Structures are given as C-alpha cells and as structure tokens.
Amino acid sequence: MSGVAAPRAGGAIEVLDAGLQTTVQDLGRRGYEHLGVPQSGAADPIALAVANLLVGNTVGAAALECTLLGARLRARRAVTVALAGADFGAVAQPGNRPLATLRVHRLNPGDTIEFTGTGSPAVGCRTYVSFGGGIDVERVLGSRSTSLVGAFGGFEGRALQPGDVLDLLVAAEPVGVDGRPGGATPTVSWPETLRLPADVDPLRVLPGTAAAGPDGAARLKAFVATAWFVTPEFDRRGLRLESKQPVRSRPGAERPSQGVAPGAIQLAPSGQPLVLMPDAGTTGGYPVIAVVASADLCLLGQLSAGSPVRFELIDLEAAQAALAARDRLLSEGAAAIGHAVGEPR
Amino acid sequence: MTGRPAISAFGDAAILIDLEPEEASAGSATRKPDARSAGGATLEAGGATLEAGGAALLATTAAAQALAARIRSATAAEPGFGAVVPAAASVLVHLDHARGSTTIDVAIDVVRRIVDGLEEAASGWRSGGSILDIPVRYGGADGPDLESVAALSGLSQSQVMELHSSAVYRVLFLGFAPGFGYLGPLPAALVLPRRASPRIHVPPGSVAIAGQNTAIYPVGSPGGWHLLGRTSVPMWDPQRSPPAVLEPGGLVRFVSERPP
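Please read all numbers here as calculations on a predicted model, not as lab measurements.

(A) Highlighting the overall build of chain B. Within chain B one finds 4 helices and 13 strands. For chain B, the proportion of its 260 residues judged to be buried stands at 48%.

Dropping the structure here:
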C-alpha cells in the first residue's frame, strides 16, 4: 500500500485540521463490483468535475471531499485551487480573503484555507476542494478514490488526519490566474449562465424492480407522493429516510442477494427506506422500489440529517435526456473556461 | 432456473437479469413456505439467501456465473459496458459512462440477444478442483456467537464446529464488501436467519454463517451474520492480482485450529 511510505519532502498541501470527514475522491472505481468493491468516488460528482475544470484538471482528477465541516489546509508551495459544491464560507489566511466557490484562486506558500461556516440542509453537506494538477496518490484498482469500506485507495485508505501531507501532480499551465504574490485577482469562474443542479430540485427516480405488478405500482406511487426527510443515519454508504407515512415492503418480499448500484432505494421492514450511496455494498436483498436517475446522484451527495427529499418519477427516456444535459453542462462549462473535458480518469 | 430470465432496467445505469422471476401474479399464497422462520426470529435480507434450498442455491448460482461469463465475453468490445455481477439468482450488468457511451435501451437489446442466444442454462458447478483450507479459531472472543448458534440449532458447540468444518463449500459469488465470498451451501442443521440486530463492527477475518451461507469477513465492517470463529488468513489485498483470495467456483474447507 502507498500508506506506509513517509510523505515526500516538501509536499504541497498540509492538513492542519481534517474536519469531520475529509477524503481523497475522484469519479470512482468501476469494473470491480463483481469482487465486492464499492464504486466509491465523489458523492457529488458534478461539484468535483466543476472544481477540477476550473483549475485546469480533467473532470475526474483526485480532489478533497469535506463533509459538513471543512478542513484547515496549508499550502506549502504556490498552488491554484477551486471550490465547488456546498459553500462553507472558505477564506484564505493571512488577510481573511474570501475564497468564493466556482472560481479559481491562488494560494502562496504558507497560506491556509479555513472555513467560516458549515454544511447544513440549507447549503448542502459536501464541499470539494480541487488543486491544480490534482492530488497525487497511487491509483488502486484504477482509481484514486478512498475506499473507506476496504481501507485502501486515496490517502492510506482512510479519511485525512492532521499532519497528513499531500502531493500534487504537476499542474497544467495555471490558466487565467494572475500570478502576483499576495493574492491574485481570480479571472476564471464558472459561467453564471450554466445553472448547476440545485438541492431544491426534486430527485428524479425510475421505477425499481419491486415496483412491478399492481401491488408494486401502488407502493411506488405512495413512495413518490410521500414527503421524506433524511435521518441522522447518513454516510457515504447510504442515507436513511423517514416520513410520517412509512412505506413498507410486502412481508416476505426480500429476495436472494442481487447486485445493486448507488442510487438504488431499498425498502426496509422498518418502513425507513435506504438510499444507496457510492460506498454501498455491491449486493443486497431488500426490495428496490426506485432508482435515482444518474443525472441526479449529485443531489444525493448534498443531503444530510434533516434534509427534505422530494421524488419525481420519470421514464428512461427522460433519464437519458437528463444525463445528456449534464454532460452538455460540463462540456459547455469547460469550453467557456478554456479547457477541454479530458478522460474522466 | 424455473423459467425464462426476466430482463429489466435497474435505473438508467444497470440492467438486472433475474433468473428466478416471481410469477406476475406473485402473492404470498403462491410463494414457497419459508423453512427458516423458526424460533420467531425476524428474517432479514440484505445479505443472506433466504429461500433457496442448498441444491437450488448451487443451481442458480452456477447458472448466474455461467451467464455472467457469457455476457462479459460478449460485451468486451461493446462501448459503455462495465462490471457484470452474478449473485444468488441474478446477474446485474453495470453500464460505465467512462467506457464509451451507450443508451440503456441499446444495452438492454444487447443483453437480451445474449440471453436469448444461450443454450440450456448451465446445469451446475464443474466438479473437482483443489480445496483451499482455512484455519479457524472457533469460539471464545474469536467466535462470540458459537454458543447462541449451538442453542438455536439444538447442537453442542463441538457439534457446530464439527459440522461447519466437515463440509466442503463452493464459492458461490462475491459481494457485499471487497473480497467477501458467499460460500455454501451450509449443512441444513446450521441454517439460521441472520442476527436480529446487526453488529456495528465485525473484525476482519471473522468466520460467520447466515441462511444457506458461510463467509469470511475480509475487512472490518458492520454485519448481521453469526460469528463462529476467526482466521488469520488475509482474504483481500488490492495490491495483489487478483486482489480477492476467493474466486467463484473455488472450494473451501474450514479447519479447526483447536480441535474439539
């Protein structure tokens, strides 16, 4: 494992305080689900992609995902940085310079990033911090994402801790950033005309395998019509939902274990459905009432305890159109910024 | 297999092939009686096979593996196809956007042609093969549920150990966590529902049983299976190729380090 090696002299980013849970993530680890390996990857892949594009990285470069509390980080050398996702009110020290989301900033050696706010159901729960070049950790099974479940990948297979030092891959030209020391004027930002998915939007879902037949259709209808909230039980493996009108599976509806994917919504005997997240196990036996459309997985990644959740039932055609729209959003953003969207790994 | 496999979209990024689809009119009246609701314990899924008997489990898992292998080779050159995940009686085909673009309609047609073109389903696992012996420390702190399993199954602790280590198990499929193999089928006397309340943390190396299956937890994780013992054999190393020690179709036997 990469973990045992001491950090190389120098390094680029030093972790002073790791917040609640800060991990290295890219767009995930695909192709090993048959070995039981969860996909991992950014819980809000759009925010990761946007932060990466802003600093000139490919959409799938490795960056930091902070949950609910931002990390305090010190730059050991000059770096470019962009933040996207939930806005926790980042500032750079010295000077208390605001680090607005969705634009590029420059940090000088010794500068620190701090956060004045936290995540919440109102602002979202995950913020992404991407550095020019991307974080240099070893690819394990094709990805730099941290597998918290498997304790491999990312930085030593775990969430970051104070004292960790991260290296960066060599950055492409720090495009559009005025390199003056002492705080440059950011000139690269995400076009305001390109609206990013917002957490007020309903989560679009497709019918699951447990929605077949008249009985299943009625259950799906009840599920979609219900106003749900996220319980305190939420992490990178899954989100537990609750409501005043629980929707239960039919008694005996458990099936032999079968493959599942992030976005699948399982009905549990308790009446509190579980929405699978990127670190979820690769197989499961609870009936799947619905599956979140791929285009809206990014919204799932911003939900936390107390977040209201509304669902909207769509068909496959609409889901494909939504996915195409998401891809278009990223390529138009990339074109406006002046980078091409590279291969996602 | 009891009939034609049912093929359906699993969201917009995966396709599920169910080898044992419930009849369209499935109601509780047409379902097989459940042999394991004994003792009033709550049956929980999410891990264990609940209904198939041992022989049926061997048949459906073998069919799922054979179909998955066929789909893997037939889609190797198709854009947009990702991992193919066989399980107890199904195969989930993941789409992977990064491996080329396809649409789910096109992908379903591809999968349907492969399934329709299959000859008769695989009749079972290939016999023979070498047996992987896994040394286990049964009971005590290593197997905190040995006592309750003995009580629930009406056996002595020694009988549970003997039974569990007397059978040769097939690796039926991998899932749940990295390198976690579903082994089975278990001797009928050891078939129990999962624990009513899952543990927050099961230590790596734990040897456990639930339903028709036994398994070794390769990494520490939450878990609802009954813990009989523990092994020091590492089951998962992402730096090794292949990273999982267990491979579907392989044979495993548990050997007690402390003979009863």
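(B) How the structure looks around the overall build of chain A. Across its full length, chain A holds 4 helices and 21 strands. Residue burial in chain A is summarised as follows: out of 345 residues, 57% are buried. Counted over contacts in chain A with a minimum sequence separation of 6, partners at least 24 positions apart contribute 76%.

(C) Here's a closer look at the environment of Ile46 of chain A. All names here are of chain A. Within the element layout of this structure, Ile46 appears in helix H1 (residues 45-54). Of the residues examined, Ile46 has 25 C-beta atoms within 10 Å and is grouped as buried. The contact partners of Ile46, leaving out residues within four places of it in the chain, are Leu196, Pro197, Cys298 and Arg326.

(D) Fine view of the sheet that holds strand E10 (residues 126-131) of chain A. All names here are of chain A. Reading across from one edge, E2-E3-E10-E5-E8 is the order of the 5 strands in this open sheet, with antiparallel pairing throughout. The sheet is open, and its two edges are formed by strand E2 (21-25) and strand E8 (104-107), each paired on a single side. Recorded for the sheet is a direction-independent mean angle of 30° between the axes of neighbouring strands. Summarising the sheet, strand E5 (residues 79-85) and E10 pair through 5 bridges and their orientation is antiparallel. Bridged to Ala84 within E10 is Tyr128. Strands in contact with H1 are E2, strand E3 (63-67), E5, E8 and E10; relative to E5, the strand with the most contacts, it is inclined by about 155°.

(E) Quick look at the sheet that holds strand E7 (residues 97-98) of chain A. All names here are of chain A. Taken in spatial order, the 6 strands of this open sheet run E7-E6-E9-E4-E1-E11, and their pairing is antiparallel. Every other strand in the sheet has two partners, leaving E7 and strand E11 (165-166) as the edge strands with one partner each. Pairing between strand E1 (residues 13-17) and E11: 2 bridges, direction antiparallel. Each residue of the ladder has a partner; that of Glu14, found in E11, is Val165.

(F) Examining the packing of H1 of chain A against helix H4 (residues 316-337) of chain A more closely. Residue and element names in this part refer to chain A. Direction vectors running N to C along H1 and H4 enclose 15°, while the axes themselves pass 10 Å from each other. Here H1 lies roughly parallel to H4, going by the angle between them. Relative to H4, H1 is oriented so that their crossing is right-handed. Across the interface between the two elements, Ile46, Ala49, Val50, Leu53 and Leu54 from H1 touch Arg326, Leu330, Gly333, Ala334 and Ile337 from H4.

(G) Spotlight on unusual backbone geometry. Residue and element names in this part refer to chain A. In this structure, the amide linkage connecting Gln93 to the following residue, Pro94, adopts the cis form with an omega of 0°. One can find Pro94 in the loop between strand E6 (90-93) and E7. Located in the positive-phi region is Asn96, a residue other than glycine, with phi close to 55°. Examined against the element boundaries, Asn96 turns out to sit in the loop between E6 and E7. The class for Asn96 is exposed, based on 9 C-beta atoms found within 10 Å. In this model, Leu141 sits at a positive phi of 50°, which is unusual for a non-glycine residue. Mapped onto the secondary structure, Leu141 falls in the loop between E10 and E11.

(H) Geometry of the interface of chain B and chain A. The interface of chain B with chain A comprises 48 residues on the first partner and 45 residues on the second. Mapped by element, the contributors of at least two residues to the side of chain B that touches chain A are strand E1 (6-9), strand E2 (14-18), strand E3 (81-86), strand E4 (90-95) and helix H2 (104-116) of chain B. In terms of residue count, E3 of chain B provides more of the side of chain B that touches chain A than any other element does, 4 residues in total. In terms of residue class, the side of chain B that touches chain A is built from 29 nonpolar, 14 polar and 5 charged.

(I) Spatial organisation of the pairing of E5 of chain A. All names here are of chain A. In terms of burial, E5 is largely enclosed, as 7 of its 7 residues are buried. Alternating residues of E5 divide into Val79, Val81, Leu83 and Gly85 and Thr80, Ala82 and Ala84, and every residue in both groups is buried. Pairing analysis gives 4 bridges linking E5 to E8, with the strands arranged antiparallel. Note on E8: the bridge partner recorded for Val81 is His105.

(J) Seen up close, helix H4 (residues 157-166) of chain B. Residues and elements named next belong to chain B. Considered for burial, the residues of H4 that qualify are Val160, Met161, His164 and Ser165. Down the axis of H4, the smallest arc covering the buried residues is 115°, so these residues share one side. Where the residues of H4 are buried, they touch strand E5 (131-138), helix H3 (146-153), strand E10 (213-216), strand E12 (226-230) and strand E13 (251-256).

(K) Just H3 of chain B, in detail. All names here are of chain B. Residues Leu146, Val149 and Ser153 constitute the buried set of H3. Buried residues of H3, seen end-on, are gathered within an arc of 60° and therefore sit on one face of the element. Buried residues belonging to H3 abut E5, H4 and E12. Of the residues trailing H3, Gly154 is marked for its positive phi of about 70°.

(L) Structural context of the environment of His34 of chain A. Looking at where His34 of chain A falls in the secondary structure, it is placed in the loop between E2 and H1. Along the backbone, His34 of chain A and Pro202 of chain A are 168 residues apart, and their C-alpha atoms lie at a distance of 32 Å. Here His34 of chain A is in contact with Ala83, Val84, Val85 and Leu174 of chain B, once residues within four sequence places are set aside.

(M) Structural context of the confidence of the model for chain B. All names here are of chain B. This prediction gives chain B a mean pLDDT of 86; 85% of its residues lie at or above 70. The element-level mean pLDDT for chain B is lowest in strand E11 (residues 221-223), coming to 88, with E12 highest at 98. Overall, residues 24-52 carries pLDDT values under 50, and its contacts beyond four positions in sequence, including any with other chains, amount to 64 contacts. Predicted as a complex, the structure gets a pTM of 0.90 and an ipTM equal to 0.91.

About the criteria used
Residues numbered from 1 in each chain as written. Chains lettered and ligands numbered in written order. Predicted model: local features only at pLDDT ≥ 70, side-chain atom pairs only at ≥ 80, totals over all residues. Helix = DSSP H or I, 4+ residues; strand = E, 2+ residues; numbered from the N terminus. Buried ≥ 20, exposed ≤ 12 C-beta atoms within 10 Å, placed from the backbone. Contact = placed C-beta atoms within 7 Å. Pairing = 2+ DSSP bridges. Axes fitted to C-alpha atoms, helices over the stretch in contact; angles between N-to-C directions. Parallel < 35°, antiparallel > 145°, perpendicular 65-115°, else oblique. Left-handed = near helix turned anticlockwise from the far one by under 90°. Nonpolar A, V, L, I, M, F, W, Y, C, P; charged D, E, K, R; others polar. Arc of directions from axis to C-beta. pLDDT = per-residue confidence, 0-100.

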